[in-house]
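# Survey of secondary and tertiary structure
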Amino acid sequence: MENPKRIGGTKWNREAAAFTKLFRWAGVEPLPVDVGRREDRAADSVSSNVLWLTPRTWRLWSDIGLRGHLGLGLPAAGWESRTELRNTSFVQLLLGSGLRRQEGGSLLTFEVPVERLRHGRYCHGQVAAAVTRAKVGRVFYATVDAVGQVEAYIASERAWAVQRAQQQGRYERLAELRLVTGVRRGRRPVVEWVDRHGVAGRQELGRLGWRERQLLFVDGPDGPEPAWLWLTEQGLPMAPERWNGVFSQANQRCEQVLLTAPERMVGRGLRLAEVRGRSPYATPLAARHSYALYMLVLLNTLLESRLGLTKADRRDFAMLFGDPWWLVKTLLGHADVETTKRHYLAPVAHLELESVLAAGCAETAGVRPAEDLDGVFACLARESQGIQDIDILLAERADG
């Protein structure tokens with residue numbers, strides 16, 4: 001009450017999170033401040049780095065930014081990218097699983113999910129606690145298509161990078177290397193290794209941070225090779241933060257193709273909304289946000305269109321399995337569904353999704369279930385702020 005200039009809700013939550021970690025580290029019980037408690041969080045906190053792209057906008061961004069296509073789907077003359085499959089596989093993995101940049105970027109080759117769920121559309125794996133924000137491990141689910149792209153990368157582009165590195169002796173010159181001698185499966189998998197000096201070591205897989213993971217190597221057919229999934233062109237582990245550069249370069253390529261020279265001279269933050277809307281802009285975190293939005297729409301579509309549940313049926317379904325908000329919260333690994341609503345799905349939190357899904361799109365003459373998710377996302381983009389859906393704008397440019 002006596003503070004003449006109050007801080008914002010976002011700063012409050014950020015400082016509360018820091019104090020929570022401090023008190024937990026010090027073993028203080030009970031916690032004086034716990035950001036996990038709703039009463040200890042600010043109600044007016046709004047995240048400033050939240051981005052959503054619709055599926056077709058992600059496809060356009062990937063084609064132009066990562067595959068070097070032109071605006072109308074034609075390959076650019078002279079385009080060459082020796083890491084195209086790696087980059088597109090990583091993006092598809094984030095979009096198909098909702099993993100954070102560090103979570104997906106710290107995977108080891110033997111952590112790529114291979115066990116499919118009963119109907120075969122998703123595979124499930126385990127996120128190590130040490131690479132998560134909350135330091136709590138969890139199960140994650142990835143689409144079969146995303147996992148298939150990762151496997152293709154392992155078998156081709158990654159294998160070539162490893163072979164070149166072995167031929168050039170890069171791994172032999174590394175100062176530190178831990179050769180994995182075994183992985184004990186179970187509820188808490190354990191990795192065993194031997195270092196360059198013949199000293200044996202072991203640790204729970206979930207307790208290995210990303211820097212320790214980069215030291216792990218496995219015995220391949222032609223010698224040691226990194227257990228780290230994502231490699232540079234030199235065949236060395238790629239640090240998670242380097243993915244920011246990959247996304248930044250893809251954003252620049254999209255601007256180069258889709259914007260005029262005068263439009264590119266103006267910084268993105270100063271451009272008119274119409275100009276920003278012509279070129280998709282993505283970050284690794286945007287993939288996670290977009291996954292959350294996609295899953296919410298997909299789950300609501302399942303309940304509304306395919307199962308044909310009434311409102312009473314929906315209440316019964318929610319009591320048994322949880323409502324779509326709760327399911328998305330679980331997929332993302334959030335402790336509180338309010339985090340999912342306020343920070344990840346803010347553009348649709350105020351919408352009555354049932355009416356959107358029933359309408360399909362604004363131009364539909366009658367009320368009927370949505371026939372395709374692209375139409376649903378087009379509706380959401382028109383009725384909400386912050387969702388990038390530029391396919392219609394590109395179609396207009398092509399017609400013009």
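This write-up is about the structure you can find in this document. Each chain carries its own residue numbering, running from 1 in the direction its sequence is written. In keeping with the model being predicted, local features are shown solely for residues with a pLDDT of at least 70 and side-chain atom pairs are shown and tallied solely at 80 or more, while totals for entire chains, interfaces and linings include all residues. Side-chain descriptors were evaluated using all non-hydrogen atoms of the structure, hydrogens and water having been removed beforehand.

## Concerning the packing of aromatic side chains
Under the convention used in this document: Put simply, two rings from Phe, Tyr or Trp (the six-membered ring, in Trp's case) pair if the centres are within 6.5 Å, and we call them stacked under 30 degrees between planes, edge-to-face over 60, tilted for the rest. Labels follow the DSSP assignment, with helices taken as runs of H or I lasting at least four residues and strands as runs of E lasting at least two, numbered in each case from the N terminus. Under the scheme applied here, a residue whose accessible area is under 20% of the maximum for its type counts as buried, over 50% as exposed, and between as partly exposed, the area being computed with a 1.4 Å probe on protein chains only.
Per the counting criterion, the structure on display carries eight aromatic pairs. Taken together, a centroid distance of 5.4 Å and an interplanar angle of 80° make the contact between Trp58 and Trp61 edge-to-face. Here the residue Trp58 and the residue Trp61 both occupy positions in helix α2 (residues 55-66), the gap between them amounting to three residues, near one helical turn. Given a relative accessible area of 3%, Trp58 falls into the buried group.

## Comments concerning helix α6 (residues 157-167)
Quick reminder of the rule: The contact criterion used throughout is that any non-hydrogen atoms of two residues lie within 4.5 Å.
Taken together, the buried positions of α6 are Glu157, Arg158, Ala161, Val162, Ala165 and Gln166. If you follow the buried residues of α6, they end up packed against α3 (84-97), α5 (144-155) and β8 (223-226). Downstream of α6 by one or two residues, Gly169 has phi in the positive range, about 70°.

## Quick word on the side chain of Thr132
Selection rule: Definition of a polar contact: a pair of N or O atoms within 3.5 Å, with one able to donate and the other able to accept a hydrogen when the atoms are protein atoms, and with sequence-neighbouring residues admitted only if both atoms are side-chain atoms.
Relative to the helices and strands, Thr132 resides in the loop between β2 (122-127) and β3 (138-143). Within the structure, the side chain of Thr132 is placed 2.8 Å from the backbone oxygen of Ala129, a separation counted as a polar contact. At 3.0 Å, the side chain of Thr132 forms a polar contact with the backbone nitrogen of Val136. With residues up to four places along the chain from it excluded, the contact list for Thr132 reads Glu103, Val127 and Arg138.

## Quick look at the sheet that holds strand β4 (residues 178-184)
Convention followed: A strand pair is defined by DSSP finding two or more bridges across the two strands. Here an angle of 0 to 180 degrees is reported between the N-to-C directions of two axes, which are lines fitted to C-alpha atoms, with helices fitted over the stretch in contact.
If you walk across this open sheet you meet the five strands as β6-β5-β4-β7-β8, and the pairing is mixed. The open sheet has two edge strands, β6 (200-204) and β8, and neither has a second partner. Direction aside, neighbouring strands of the sheet carry axes that sit 45° apart on average. Strand direction decides the pairing type here: β4 and strand β7 (residues 216-220), joined by two bridges, are parallel. When the bridges of β7 are listed, Leu179 appears paired with Phe217.

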